[in-house]
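This is what each chain is made of:
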Amino acid sequence: MKIGILSDIHSNSEAINSVLKNIKRVDEFICLGDIVGYGADPNYCIEKVKDLNCKCVGGNHDFAVVGKVNINYFNYAARAAILWTSRQLKKDNINFLLSLNKKIELKNKVFAVHGSPQDPILEYILDKNTASLIFSKFNFKICFVGHSHLAGCFSLDENNNQIDYINYRNGGRIEISKNKRYIINCGSVGQPRDGNPKASYGIYDLKYGIVNIYRVSYPIHLTQDKIINAGLPKSLADRLSYGR
Ligand SMILES: [Fe+2]
């Protein structure tokens, strides 16, 4: 059983299409939220996620465009894109975003959230202190997260209580160990921020206990043209070139 892990698509149709083309075979998909925001193809990306029939949680942008998260949490460019997106969305797609849960359980003790288990919508897990607190407060084997747009993995070794972090900005392979627990971010499909502009996604192989993270090229200039033609802030187009 293989699960494709998609997060932070951010209305980037070129990135999601390149990722889906790159994925050879999975049995199902999960989506960790922020389907919309920043990019110019919100309806297309929501419909793509619906077509995949995947388990999906909502992210801060998904909930902000339907009025469930205050837009004052966002910077100027993000806020402009949220207001623009909320004007574009079809009724069905608004209802889809409104229906999203904050947390999903894949199997015994394997969970998925957008931000973190203690604040699924807004909290970023960026350092070992935050990861340590979350490992101590929540009893999971693996928690898949998105939100930071940084591909990487925190692990807790239960033999010595040591926490490690490995950056997966160029992709890589995580072998799930019996003695460890994990917080895994498979990176962002549509707006990577780890210095690698390629789209990022993961595949979790439950049978072998392996998570692979992959990076895929996509036609960034097409996405940038659409953002500019839509009248969205130019900075949202520019950052895609750098993966920041
Ligand atoms: Fe995001």
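Source: prediction; values computed, not measured.

Rules of the game
Within each chain, residue numbers correspond to sequence positions counted from 1 in written order. The predicted nature of this model means local features are confined to residues of pLDDT at least 70 and side-chain atom pairs, given and counted, to a pLDDT of 80 or more, with totals for whole chains, interfaces and linings taken over all residues. Side-chain metrics rest on all non-hydrogen atoms present in the structure, leaving aside hydrogens and water. Each residue's exposure class comes from its accessible area (1.4 Å probe, protein chains only) as a fraction of the maximum for that residue type: buried when under 20%, exposed when over 50%, partly exposed otherwise. Here a helix means four or more residues in a row that DSSP labels H or I, a strand means two or more in a row labelled E, and each is numbered from the N terminus. Directions from the helix axis toward the C-beta atoms define the arc. Any two residues whose heavy atoms approach within 4.5 Å at even a single point are treated as in contact. Only nitrogen, oxygen and sulfur atoms within 2.8 Å of the metal, or 3.2 Å for Na, K and Ca, are treated as donors, and water is left out, so sites may look incomplete. Think of it this way: with four donors and all angles in the 85 to 135 degree range, the site is tetrahedral; with four or six donors, opposite ones beyond 155 degrees and the rest between 65 and 115, it is square planar or octahedral; otherwise it is irregular. Whenever a helix is involved, its axis is fitted only over the stretch in contact; in every case the axis is a line through C-alpha atoms, and angles between N-to-C directions fall within 0 to 180 degrees. Oblique is the label for any angle not under 35 degrees, not over 145, and not in the 65 to 115 range, which are roughly parallel, roughly antiparallel and roughly perpendicular in turn. Crossing chirality is assigned from the near helix's rotation relative to the far helix, an anticlockwise turn below a right angle marking it left-handed and a clockwise turn marking it right-handed. Following DSSP output, two strands are said to pair if at least two bridges run between them. Here, a salt bridge means any side-chain nitrogen of Lys or Arg that lies within 4 Å of a carboxyl oxygen of Asp or Glu.

K.L.:
Lay out helix α8 (residues 234-242) in plain terms, naming residues and giving numbers.
P.N.:
Of all the positions in α8, only L236, A237 and L240 are classed as buried. Angular distribution of buried residues about the axis of α8 spans 100°; they occupy a single face of the element. Residues of α8 that are exposed and point over 90 degrees away from its buried face: K234 and Y242. Its buried side turned inward, α8 meets α4 (76-88) and α7 (220-229). Phi turns positive one or two residues past the end of α8, at G243, with a value near 65°.

K.L.:
Please give an account of the coordination of the iron ion that cites residues and values.
P.N.:
Coordination of the iron ion by the protein involves D8 (OD), H10 (NE2), D34 (OD) and H149 (NE2), with metal-donor separations of 2.1 to 2.2 Å. Around the iron ion, the four donor atoms sit at angles spanning 83 to 177°, and that spread fits a shape best called irregular. The sequence pattern formed by the donor residues of the iron ion is D-x1-H-x23-D-x114-H. On the criterion of sequence distance, the pair formed by D34 in the loop between β2 (28-31) and α2 (42-52) and H149 in the loop between β6 (142-145) and β7 (152-157) is long-range, its members being 115 residues apart. Taking relative accessible area as the criterion, D34 reaches 1% and is therefore assigned buried.

K.L.:
If you had to explain the packing of α2 against helix α5 (residues 91-98) to someone new, which residues and values would you point to?
P.N.:
Orientation of α2 relative to α5, taken along the N-to-C sense of each, is 60°, at an axis distance of 10 Å. Taken together, the axes of α2 and α5 are oblique relative to one another. Judged by the sense of rotation from one axis to the other, the crossing of α2 with α5 is left-handed. When α2 is examined against α5, the residues N43, I46, E47, V49 and K50 are found in contact with a partner set consisting of D92, N93, F96 and L97.

K.L.:
Kindly report on the sheet that holds β2, identifying the contributing residues and their values.
P.N.:
The pairing of strands in a sheet comes from backbone hydrogen bonds and takes either a parallel or an antiparallel form. Pairing is mixed in the open sheet, where six strands are placed in the order β3-β2-β1-β11-β12-β9. The open sheet has two free edges, formed respectively by β3 (55-56) and β9 (172-175), since each of these has just one partner strand. In this structure, β9 lies alongside strand β12 (residues 210-216), joined through four bridges in antiparallel fashion. Residue pairing for β12: E175 is matched across the bridge by I210. Set on the sheet, helix α1 (residues 13-22) makes contact with β1 (2-6), β2, β11 (199-205) and β12; between it and β11 the angle comes to about 35°.

K.L.:
Can you tell me about the pattern of salt bridges, naming the residues and giving the values?
P.N.:
Per the stated rule, a full pass over the model turns up seven salt bridges. Across the pair K226 and E14 runs a salt bridge, and its minimum N-O distance is 2.6 Å. With K226 in helix α7 and E14 in helix α1, the pair connects residues that are 212 residues apart, well separated along the chain. Here R25 ties to D27 by a salt bridge, and the two come within 3.2 Å at their closest N and O atoms. Owing to a relative accessible area of 51%, R25 belongs among the exposed residues under this scheme.

K.L.:
Lay out the packing of α1 against α2 with the relevant residues and their values.
P.N.:
It is at 9 Å that the axes of α1 and α2 come closest, and there the two elements cross at 25°. Between α1 and α2, the angle is such that the two are roughly parallel. Considering only the axes of α1 and α2, their crossing is left-handed. Touching S13, I16, N17 and L20 of α1 are Y44, C45, K48 and L52, all from α2.

K.L.:
Quick one: what's the story with the pairing of strand β4 (residues 103-107), residue by residue and with numbers?
P.N.:
The two faces of a sheet get side chains in turn, since along a regular strand they alternate between them. Pairing of β4 with strand β5 (residues 110-113) involves four bridges; the strand directions are antiparallel. In the sheet register, K103 faces β5, and the bridge partner there is V113. The hairpin turn running from β4 into β5, its antiparallel successor, is two residues long, and K109 in that turn takes a positive phi close to 70°.

K.L.:
Outline the sheet that holds β7, listing residues and values.
P.N.:
Spatially, the six strands line up as an open sheet ordered β4-β5-β6-β10-β7-β8, and their pairing is mixed. At either margin of the open sheet sits one strand with a lone partner, and together these are β4 and β8 (162-167). Between one strand and the next, the sheet's axes are offset by a mean angle of 15°, whatever the strand orientation. Where β6 meets strand β10 (residues 180-185), four bridges bridge the pair, whose relative direction is parallel. In the sheet register, I142 faces β10, and the bridge partner there is Y182. Sheet strands in contact with helix α6 (residues 128-137) are β7, β8 and β10, and its direction is about 125° off that of β8.

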